[in-house]
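Next come the chains, spelled out residue by residue.
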Amino acid sequence: MVMVFQMMVDPTLAEMGKNLNEAMKILEDGQRREAEEDADKRRYGRVDILGPLCSGQDVASILQLVQNLMHGDEEEETQGYRMQNVGEQGHMALLGHSLAAYISVLDRERLRKLTTRILSDTTLWLCRLFRYENGSAYYHEDDREGLIRVCRLVIHSRYEDYSSEGFTVLNCKQPVIYQSAACRQGLGQHLCTQLGLPLSSLCTVPCNTMFGSQHQMDVALLDRLVKDDVDSGKLPLLLIANAGTPGAGHTDKLGRLKELCAQYDMWLHAEGVNLATLALGYVTSSVLAATKCDSMTLTLGPWLGLPAVPAVTLYRHEDPALSLAAGLTSSQPVEKLRALPLWLSLQYLGHDGIVERIRHASQLSQRLLDHLKKLTCIKTSVEDELNSPVVVFRFCQEGSAGSSGGSEGGALNGERELQDALNRWLGERLAQLVPASGVDVVELEDEGTCVRFNPLMTAAVLGTREEDVDALVQQLQDKVPLLNSTLRLRLDFREEVYRAPGLAYIEDLSWPGLGAIRYEPSGEEPDEEKRQQEVEKINSGLLKKLRELDSDLLFSTGPEFGSEQNCVYIGIATEDLDVTELVETIAVMGRDIEENSKLLENMTEVVRKGIQEAEQQLQKANEEKLMEEGLLRQIPVVGSVLNWFSPVQSSIKGRTFNLAAGSLDSTEPTYSLKAQATRGTPPPTPTSIRTKQCLPGQKMFRRSLAGSDVHSETSSVGQAEELEREGPRSPAPEGRGSDDQQDPAPTVTPQPDAPVEREPGEGAQQETEQAHTLR
């Protein structure tokens, strides 16, 4: 770019290009600069943007502020953010906006000549590049604006008095705009709103339902609809056709639609991603027919990876006055400068560079399609679109649904919804693992949830290469066995849950995983609110314990806006999952949590009653002490003298509170080694948690497969699910064997090897302190 600016005569243009280069370098190197700067200064810079307008700043400070706004919060984002790959061709597009502002200050005659040249050059290049002969061009920021201006042109053409009478001329013959049911959502409504037409002027034509593609407009039905509108006194105005549907990239029968439009004097407008393939050497006949349409909209920005370039609507019309009235052309030279960024970018890329980018995207699609045909459980919906840059695929279960038993009818009824959930999970995982591929999830009316690969809209922006496609296929090959095993084990898991006491199976076909369960307490609780609180408490504790286990399974609370609550959702499962062990472990854990909760409640009541009994006995012991020793011995000075001359052997014995038994016991046995040796220890606390001894490196709930190693590649589900866990995995709790013994309940007693004689009053005081401590 430096050489380009050196060739310019105007030094202002050279300085502008230099400043733009420096500004882009500052903004693009912002992350590196932030790493070198002090963290406090960065935080101060972000806070400093708040408040009223400050005094004037230099260019470097302002660019630093913009850089902070662009990159300041990236470390706080939960998901990785990937900026568009802005190369030198992107710099040319950005330079066009700066040049447009500079050129607008020229004198009117120079501005008129310059804008006319820019507009004519760009229009000529685009018409030749996309095989659209004798066309005019309208450049617009909103890709729907060109269609709106075209509709105004058609209204001016079909209604002669529209310019003078306005919308009153539409009362005699209501205009009708036809669109395919596969058009992008909200396009027709937006069109009617901007034109001031009622929604009754919009007619949506269904796609083929019995013959042909499920995404192509039904031409025979369209013919009948147009005839009915003509017979009812309406005026067919315009037809919106697809050269690449937004969802699956299918193309309507543009040749037949053009013949039908010519028959009824309708305007035919085409749009879609497949229009980009018109620039290639070989074009399918279905897409080539778009060159005969009356107008079509091109979105060159995402196709070529050019930021901030306008969309272009190419059209054919012979009356320049009507084009001016419709807003397709303008007498203001400044508005013609919209084409300047595209004019610069097209010259920088050249014809070969433009064609190469479009060909590269088509080759990526074909490469992926060739790989997908080799996968048994992947179904594609682009078999009739060999040159379409859009590849839509969907996971389908191998074999028949319900192969592992269970109710086959119920499995078939929910197969579509369940596979939609699995395909949604598959698309989201592929997008996270291979972000450069640009895949996303799309909902199609007939196929359901699918994964879409549209490199023509993403490859130039993300820099997608063949290696990324291969990585996408590899990840897909790793995930398909997981989906198959999950579907096979799902019915087995449901049957095991039905047989397990205390567990309830929750049917949620929208969950992409093994299933959902809920632990139900065994006791009868008449108060429904208390019962729900108990269910929530137990299942929350159960979820926490399951997440602490060292396994490959994902345990969660389910969808964020799901209808089921207080459940434990289990994610994708591997083929070697031991469903029986999993369900048994969950049931035992839930039962232990319930028993511990009840034990805690009972112990609380026992401790409360024991403290009350201890207080009563302590009070009684104090009264007996007073009766034995007399009133004089309670006086501090006098009592000490009497006790020195005549010690009193008190009959009051100490007491200890046994937490295990929940009773007050005498401390006499602790003074006798023989009694202490014969005193039985409390029985060990039984634990019924089924723990399986795993080999080093082996996860829980794994069963040995014939001919497979412990460290099999099927453990890749661990890598797939670890990113979705809510927090770092805690080490698994050590299981307690049957020989583990519970520590005896603590007692407030002297040590047997050093007995200490206590006065009754002194022992009572300590007993009181112990009672308050227990309370």
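About the thresholds
Residues numbered from 1 in each chain as written. Predicted model: local features only at pLDDT ≥ 70, side-chain atom pairs only at ≥ 80, totals over all residues. Heavy atoms only, no water. Helix = DSSP H or I, 4+ residues; strand = E, 2+ residues; numbered from the N terminus. Expected span 1.5 Å × (residues − 1). Bend = angle between axes of the 7 residues up to and from the residue. Buried < 20%, exposed > 50% of the residue type's maximum accessible area, 1.4 Å probe, protein only. Core = buried A, V, L, I, M, F, W, Y, C linked by side-chain atoms within 4.5 Å. Domains from an automatic or database assignment. Contact = heavy atoms within 4.5 Å. Pairing = 2+ DSSP bridges. Right-handed = clockwise from strand over helix to strand, strands pointing away. Phe/Tyr/Trp six-rings, centres within 6.5 Å; stacked < 30°, edge-to-face > 60°. Lys NZ or Arg CZ within 6 Å of the ring centre and 35° of its normal. Axes fitted to C-alpha atoms, helices over the stretch in contact; angles between N-to-C directions. Parallel < 35°, antiparallel > 145°, perpendicular 65-115°, else oblique. Nonpolar A, V, L, I, M, F, W, Y, C, P; charged D, E, K, R; others polar. Left-handed = near helix turned anticlockwise from the far one by under 90°.

## Side note on helix 21 (residues 466-499)
Then, number 1: In a regular helix each residue adds 1.5 Å, so 34 residues correspond to 50 Å; helix 21 covers 50 Å between its end C-alpha atoms and thus fits that length.
Then, number 2: In helix 21, a bend of some 30° at Leu489 exceeds every other bend along the element.

## Points about unusual backbone geometry
Then, number 1: Unusually for a residue other than glycine, Ala308 sits at a positive phi of about 60°.
Then, number 2: Along the chain, Ala308 falls in the loop between helix 14 (300-304) and strand 7 (311-315).
Then, number 3: Under the relative-accessibility criterion, Ala308 is labelled partly exposed at 43%.
Then, number 4: We note that Asn566 has phi near 55°; this positive angle belongs to a residue other than glycine.
Then, number 5: Of note, Asn566 is situated in the loop between strand 14 (555-556) and strand 15 (568-570).

## Examining the nonpolar core
Then, number 1: Within the largest apolar cluster, 73 residues are counted, with the highest numbers of intra-cluster contacts made by Phe130 and Trp303.
Then, number 2: No other element matches the 10 residues that helix 17 (residues 340-372) contributes to this core.
Then, number 3: Split by domain, this core shows at least three residues from each of two domains, domain 1 (96-349) and domain 2 (357-398 + 414-483).
Then, number 4: Setting aside residues up to four positions removed in sequence, Trp303 forms contacts with Phe130, Gly272, Val273, Leu275, Ala276, Leu298, Leu456, Met457 and Ala460.

## Quick word on the pairing of strand 2 (residues 175-180)
Then, number 1: Strand 2 sits mainly inside the fold: six of its six residues count as buried.
Then, number 2: Covered by surrounding structure in strand 2 are Pro175, Ile177 and Gln179 together with Val176, Tyr178 and Ser180, the residues of both alternating faces.
Then, number 3: Bridge count between strand 2 and strand 3 (residues 202-205): four bridges; the pairing is parallel. Among the inter-strand pairings, Ile177 is bridged to a residue of strand 3, identified as Leu202.
Then, number 4: Since strand 2 and strand 3 lie parallel, the crossover through helix 10 (residues 187-195) that links them has a hand, and here it is right-handed.

## Re the pairing of strand 4 (residues 235-242)
Then, number 1: For strand 4, the tally of buried residues reaches eight of eight residues, placing the bulk of the element in the interior.
Then, number 2: Bridge analysis of strand 2 against strand 4 gives five bridges, and the strand direction is parallel. Looking at the pairing, Pro175 lines up with Leu235 of strand 4.
Then, number 3: Taken together, the five bridges between strand 4 and strand 5 (residues 267-271) define a ladder with parallel strand orientation. When the sheet's bridge partners are listed, Asn242 is paired in strand 5 with Glu271.
Then, number 4: Crossover connection from strand 4 via helix 12 (residues 254-264) to parallel strand 5: handedness right-handed.

## Structural notes on the packing of aromatic side chains
Then, number 1: According to the stated counting rule, one finds five aromatic pairs in the structure shown.
Then, number 2: Taken together, a centroid distance of 5.5 Å and an interplanar angle of 85° make the contact between Tyr162 and Phe167 edge-to-face.
Then, number 3: Chaining the aromatic ring pairs together yields one cluster made of Phe493, Tyr498 and Tyr505.
Then, number 4: Between Arg316 and the ring centre of Tyr132, over which it is positioned, the NZ or CZ distance is 3.8 Å.

## So, the packing of helix 11 (residues 219-231) against helix 12
Then, number 1: Relative orientation of the contacting elements helix 11 and helix 12 amounts to 10°, with a least axis distance of 11 Å. By the angle between their axes, helix 11 is roughly parallel relative to helix 12. Along the contact surface, helix 11 presents Val219, Leu222, Asp223, Val226, Lys227 and Val230, while helix 12 presents Arg256, Leu257, Leu260 and Tyr264.
Then, number 2: When the residues that make up the contact of helix 11 with helix 12 are grouped by side-chain class, the tally is seven nonpolar, no polar and three charged.

## Brief notes about the packing of helix 19 (residues 415-433) against helix 21
Each pair of packed helices gets described by two things: the angle between the helix axes and the distance between those axes.
Then, number 1: Where helix 19 meets helix 21, the closest approach of the two axes is 11 Å, and the angle between their N-to-C directions is 150°. Classified by the angle between their axes, helix 19 and helix 21 sit roughly antiparallel to one another. The handedness of the crossing between helix 19 and helix 21 comes out as right-handed. Contacts between helix 19 and helix 21 involve Leu418, Leu422, Trp425, Leu426, Leu430 and Leu433 from the former and Leu472, Gln475, Leu476, Lys479, Leu483, Leu487 and Arg490 from the latter.
Then, number 2: Across the contact of helix 19 with helix 21, the residue classes break down as 10 nonpolar, one polar and two charged.

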